[in-house]
Amino acid sequence: MTETALALDRLRAGELVAIPTETVYGLAADAANPQAIAKIFALKGRPADHPVIVHIAGSAQLADWATDIPAHAWRLAEAFWPGPLTLILRRQPQVPDAVTGGQDTVGLRAPAHPVTQTLLRQFGGGLAAPSANRFGHVSPTTAQHVRDEFGSQCPLVLDGGQCEVGVESTIIALLDGPPKLLRPGGVLREQIEDLLGVRLEHHRHSQSAKLRVSGLLDSHYAPRTPLISGPMHSVRTLAAAAAAAGQRVAVLTLQGSEGYPASILLHPMPGDPVLYAHLIYDALRQLDSLGFDTLYLECPPDSAGWLAVNDRLYRASHQRIV
Ligand code: TXA
Ligand code: MG
């Protein structure tokens, strides 16, 4: 039996399967089966009122899950599916509350990864799948990340190699009122605005707080090791001081190694946002496994192309220096 056939058997039996997508790996269950979806929440340790995205093969399945679908949704699906874009739409009444968190909306996405495209076409229905990580932790971008995450509790993982995009899908709400950007991601905000000819509302996290204190704000996409991010000059000074005080320190750098003492491990990151996104979760996981006292990160520029990466770095950081 092929891995895909085995995965289909498991999904039809109400079991979980970890699936590759072009963004991150997902922890999938039959979206029409509430008992199967409950297993996702149990394994992730995720609060039950958080909705999960339903993955479908393409726009031919949109109306199976959503109703009152606006023209904008069809245009976006046409332009960007299969791909890293999730649409929040009014749900069909039969969509389980376990999927929607009890809301009257549903998130839908057609992923582009060929392994999961094949799986979805053979499955016929929808696959509810959040990212395949424990609640709040860094999302997985390789099959090994998923195994590391769940250990002996790990379900079948379909290995599709390293995820191309590396950060989660862009989420757009198309309900009453103008389209809203709920999460920046693999499809750029400007691409969507150009296609629809509208400006997207987007509520960025508050930039006003000088310091993000761990525990005060929702920490998501975060490594276990404390991560402090900020402008290069602050990071250089703070990391050097921590190392001088005897801490084991690593820095995700953007601008080279100047100014850092040799006692600090430097992990260079690419200066291009697409390449950076592809590598960031793997880099955080690698550094997290090496037993450092503190990780530091030089923040990328605050420009449009970096929106999704900056959003994830903000959430991953336990402290942020501005
Ligand atoms: O790239 C992705 O989107 C990945 C891959 C696996 O497809 N999935 C992913 O799922 O990131 P998750 O569960 O980690 O994040 C989904 C986000 C959550 O923030 C959730 O609140 C939001 O989507 N979401 C899902 N359904 C929603 C709905 N009906 N209304 C508002 N937000 C929704
Ligand atoms: Mg997630």
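These figures come from a predicted structure and were not determined experimentally.

Draft legend 1. Structural detail: the overall build of the protein. The number of helices and strands found in the protein is 11 helices and 16 strands. Taken along the three principal axes of its C-alpha coordinates, the protein extends 60 × 45 × 30 Å. Scored against the burial criterion, the 322 residues of the protein give a buried share of 44%. Across the protein, the fraction of contacts at a sequence separation of at least 24, relative to all contacts at a separation of at least 6, is 66%.

Draft legend 2. View of the environment of Leu158. By secondary structure assignment, the location of Leu158 is in the loop between strand S8 (156–157) and strand S9 (170–173). Considering only alpha carbons, one finds Leu158 and Leu287, 129 residues apart in sequence, at a separation of 25 Å. Setting aside its immediate chain neighbours within four residues, Leu158 contacts Glu3, Ala7, Val17, Ala18, Ile19, Pro20 and Val115.

Draft legend 3. Geometry of the domain arrangement of the protein. When its domains are assigned, the protein resolves into domain 1 (3–202) and domain 2 (227–320). Across the boundary between the two partners, domain 1 contributes 13 residues, which contact 14 residues of domain 2. Residues that form the side of domain 1 that touches domain 2 fall into these classes: four nonpolar, six polar and three charged.

Draft legend 4. Expanded view of the nonpolar core. Ala28, Leu87 and Ala128 are the most contacted members of the largest nonpolar core, which has 86 residues in total. The greatest single-element share of this core, amounting to six residues, is contributed by helix H10 (residues 273–288). Lining this core are residues from two domains, each supplying at least three of them: domain 1 (3–202) and domain 2 (227–320). If sequence neighbours within four positions are ignored, Ala28 has contacts with Leu11, Leu16, Val17, Ile19, Leu127, Ala128 and Ala129.

Draft legend 5. A look at the packing of H10 against helix H11 (residues 307–316). For the pair H10 and H11, interaxial distance at closest approach is 10 Å and the crossing angle is 25°. Taken together, the axes of H10 and H11 are roughly parallel relative to one another. Note that H10 runs across H11; the crossing there is left-handed. Along its contact with H10, which presents Pro273, Tyr276, Ala277, Ile280 and Leu284, the element H11 presents Ala308, Val309, Arg312 and Ala316.

Draft legend 6. Quick look at unusual backbone geometry. In this structure, Pro82 follows Trp81 across a cis peptide bond, with omega equal to -10°. If you trace the backbone, Pro82 turns up in the loop between helix H4 (71–80) and strand S5 (85–91). The backbone of Tyr221 shows a phi angle near 60°, a positive value even though the residue is not glycine. For Tyr221, the position within the fold is in the loop between strand S11 (201–202) and strand S12 (227–230). A tally of 23 C-beta atoms within 10 Å means that Tyr221 is categorised as buried.

Draft legend 7. Quick look at the site of ligand 1. In the region of ligand 1, 25 residues are neighbours, and Thr23, Gly26, Pro51, Gly107 and Pro130 sit closest. With four residues, strand S6 (residues 105–109) is the largest single contributor of residues to the shell around ligand 1.

Calculation criteria
Residues numbered from 1 in each chain as written. Chains lettered and ligands numbered in written order. Predicted model: local features only at pLDDT ≥ 70, side-chain atom pairs only at ≥ 80, totals over all residues. Helix = DSSP H or I, 4+ residues; strand = E, 2+ residues; numbered from the N terminus. Buried ≥ 20, exposed ≤ 12 C-beta atoms within 10 Å, placed from the backbone. Contact = placed C-beta atoms within 7 Å. Domains from an automatic or database assignment. Nonpolar A, V, L, I, M, F, W, Y, C, P; charged D, E, K, R; others polar. Core = buried A, V, L, I, M, F, W, Y, C linked by C-beta atoms within 7 Å. Axes fitted to C-alpha atoms, helices over the stretch in contact; angles between N-to-C directions. Parallel < 35°, antiparallel > 145°, perpendicular 65-115°, else oblique. Left-handed = near helix turned anticlockwise from the far one by under 90°. Near = placed C-beta within 6 Å.

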